[in-house]
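# Residue-level structure breakdown
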Amino acid sequence: MNNPIMAKSITYQSFAQHNYKQIPQLNYLNDEQIRDIEIVSHVLPFKTNNYVVNELINWENVPDDPIYTLTFPKKEMLTDEHYNLMKKVIESGASKDEIKKAAHAIRLQLNPHPAGQLEHNIPMIEDYKLTGMQHKYRETVLFFPSQGQTCHAYCSFCFRWPQFVGMDEWKFAMRETELLIKYLQEHKEVTDLLFTGGDPMIMKNKIFSTYIDAILDADIPNLQTIRIGTKVLGYWPYKFITDDDADDTLRTFEKIVKSGKNLAIMAHFNHPVELSTKAVKKAIKRVLQTGAQIRTQSPVMKNINADPKIWAAMWRKQVNLNCIPYYMFVARDTGAQHYFKVPLVEAWEIFRKAYQQVSGICRTVRGPSMSATPGKIQILGVSETGGKKIITLRFLQGRNPDWAAQPFFAEFDENAAWLTDLKPAFGDDKFFFEEEINLFQ
Ligand SMILES: *Cc1c(COP(=O)(O)O)cnc(C)c1O
Ligand code: SF4
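The following paragraphs examine the structure supplied in this document. Since the model is a prediction, treat every value here as computed from it, not as a measurement.

Rules used in this analysis
Residues numbered from 1 in each chain as written. Chains lettered and ligands numbered in written order. Predicted model: local features only at pLDDT ≥ 70, side-chain atom pairs only at ≥ 80, totals over all residues. Heavy atoms only, no water. Pairing = 2+ DSSP bridges. Helix = DSSP H or I, 4+ residues; strand = E, 2+ residues; numbered from the N terminus. Axes fitted to C-alpha atoms, helices over the stretch in contact; angles between N-to-C directions. Contact = heavy atoms within 4.5 Å. Disulfide = S-S within 2.5 Å. Near = heavy atom within 4 Å. Nonpolar A, V, L, I, M, F, W, Y, C, P; charged D, E, K, R; others polar. Polar contact = N/O pair within 3.5 Å; in protein donor to acceptor, adjacent residues only side chain to side chain. Areas by Shrake-Rupley, 256 points an atom, 1.4 Å probe, with all protein chains shown as cover.

Spatially, eleven strands are ordered E5-E6-E7-E8-E9-E10-E11-E12-E13-E14-E15 in an open sheet, and the strand pairing comes out mixed. Where the open sheet ends on each side, the last strands, each with one partner, are strand E5 (133–137) and strand E15 (407–411). Here the strands of the sheet are splayed against their neighbours by 30° on average, with no regard to which way each runs. Pairing between strand E11 (residues 324–330) and strand E12 (residues 366–371): two bridges, direction parallel. Looking at the pairing, Phe-329 lines up with Ser-369 of E12. Of the strands in this sheet, E5, strand E6 (140–143) and strand E7 (192–195) are in contact with helix H7 (residues 177–186), which crosses E6 at around 175°.

Take a look at the structure:
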């Protein structure tokens with residue numbers, strides 16, 4: 001089945017297209033599993049492609065296969081209550097509009113805007129809200145190019161999911177680079193610009209290079225690193241091999257590097273399988289040849305990668321391919337979190353056990369880290385003091401830059417799965433940063 005280094009993209013989707021039924025491997029599934037895809041995909045976005053289906057998923061291993069779980073909707077990803085509700089609506093012969101309405105109502109209950117993204121992080125120029133940007137940590141601005149708001153395939157755990165299901169008021173998008181450039185020029189503290197989405201590498205080079213050229217032409221001295229947050233190496237490595245604009249995209253990467261800026265591809269890999277095909281190896285090589293760096297990140301998730309062996313293998317493979325392990329995240333409190341969630345203490349155990357198996361070269365990775373309202377918070381570990389167990393945490397990034405590298409302490413709680421589940425240790429009624437920020441807003 002492994003097609004050697006030549007591929008035309010075929011996208012399979014539910015909703016409007018409904019062409020997922022053309023996936024040849026669906027005959028590995030029983031009728032019930034197919035009906036579950038139908039029901040769940042009304043609520044959670046579903047999109048996959050021929051690379052994922054033919055080269056990554058081991059269909060003998062379905063439904064437990066990690067990459068199948070990563071992209072295909074399953075019954076368990078909705079709560080019983082939501083699943084039954086959706087099923088009832090569909091089986092009642094409801095109209096498309098009624099089905100849509102029911103799905104939307106469920107989505108609103110799935111915390112579509114985690115970590116205060118709506119309220120806190122949208123930058124302003126004068127009175128104008130720059131809705132295609134986020135500026136949360138002093139050094140780094142996130143940019144959501146309007147043509148990069150979709151992905152080659154969708155991850156079933158994704159916190160960006162409202163963008164894919166037409167909850168449009170939440171679609172960050174900004175067509176003009178002009179305002180972005182103005183903002184970067186005015187904010188000399190910003191050193192990093194991170195293109196994100198969706199997946200900016202869904203953009204054709206013609207559009208991508210328009211953004212890049214404008215930014216490079218503006219010659220912004222404080223801008224030192226351009227980062228591209230992408231899952232393209234995991235979901236469509238042919239982007240850098242056989243797509244029409246593969247070579248042109250790589251030329252754009254070279255141009256960034258030649259301009260004297262650091263180009264960091266923040267590659268999202270969830271499982272070592274994604275690093276094992278001929279196509280991904282070749283794509284990584286071609287990207288690195290441009291002078292770009294590839295740094296890797298992933299959340300830790302039940303049913304996909306909640307096992308230290310998987311992480312150790314993944315980091316080693318990445319280093320073998322000259323990539324730099326960067327972050328292990330905790331899955332966010334959104335969408336199908338109940339299905340993927342790993343409690344914080346367990347996430348730390350997985351991290352620690354994997355970390356112990358690899359050499360210092362792989363230990364550039366940091367985690368497990370929660371991207372929570374006040375910042376990126378790392379679980380440093382569980383220890384005992386004065387006969388009581390505590391969890392030590394620290395800020396890797398803080399909304400207030402002074403918080404970075406500050407340790408703080410929470411009561412031991414093996415079930416806590418997010419910052420908001422934790423209580424301050426030693427009888428304190430607040431964490432130190434809660435003077436400045438309301439966690440539950
Ligand atoms: C993770 C993240 C960044 C980048 O943080 P680094 O630690 O520099 O990689 C920037 N902005 C937001 C909102 C983030 O979540
Ligand atoms: S590739 Fe990234 S943005 Fe796209 S669905 Fe997956 S996690 Fe979400």
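Still more ground to cover, so stick around.
Turning our attention to the state of the cysteines. Two cysteines joined by a covalent bond between their sulfur atoms form a disulfide. A full pass over the atoms with the stated rule returns zero disulfides. Here Cys-362 stays free of any disulfide, with the sulfur of Cys-323 as its closest cysteine sulfur at 11 Å.

Surveying the vicinity of ligand 2 reveals eight residues, the closest of which are Cys-151, Cys-155, Cys-158, Lys-231 and His-268. Classifying every residue of the shell around ligand 2 gives five nonpolar, two polar and one charged.

Residues in close proximity to ligand 1 include Lys-136, Tyr-137, Thr-140, Leu-142, Arg-227, Tyr-326, Tyr-327, Lys-376 and Gln-397, which together make up its full environment. Within the side chain of Arg-227, a nitrogen or oxygen atom sits 2.7 Å from an oxygen atom of ligand 1. Between ligand 1 and Tyr-327 there is a distance of 2.5 Å, counted from an oxygen atom to a side-chain nitrogen or oxygen. Across the complex, the protein chains shield 86% of the 390 Å² of accessible surface that ligand 1 would expose by itself. For the shell around ligand 1, the secondary structure elements donating two or more residues are E5, E6 and E11. Taken together, the residues of the shell around ligand 1 sort by class into four nonpolar, two polar and three charged.

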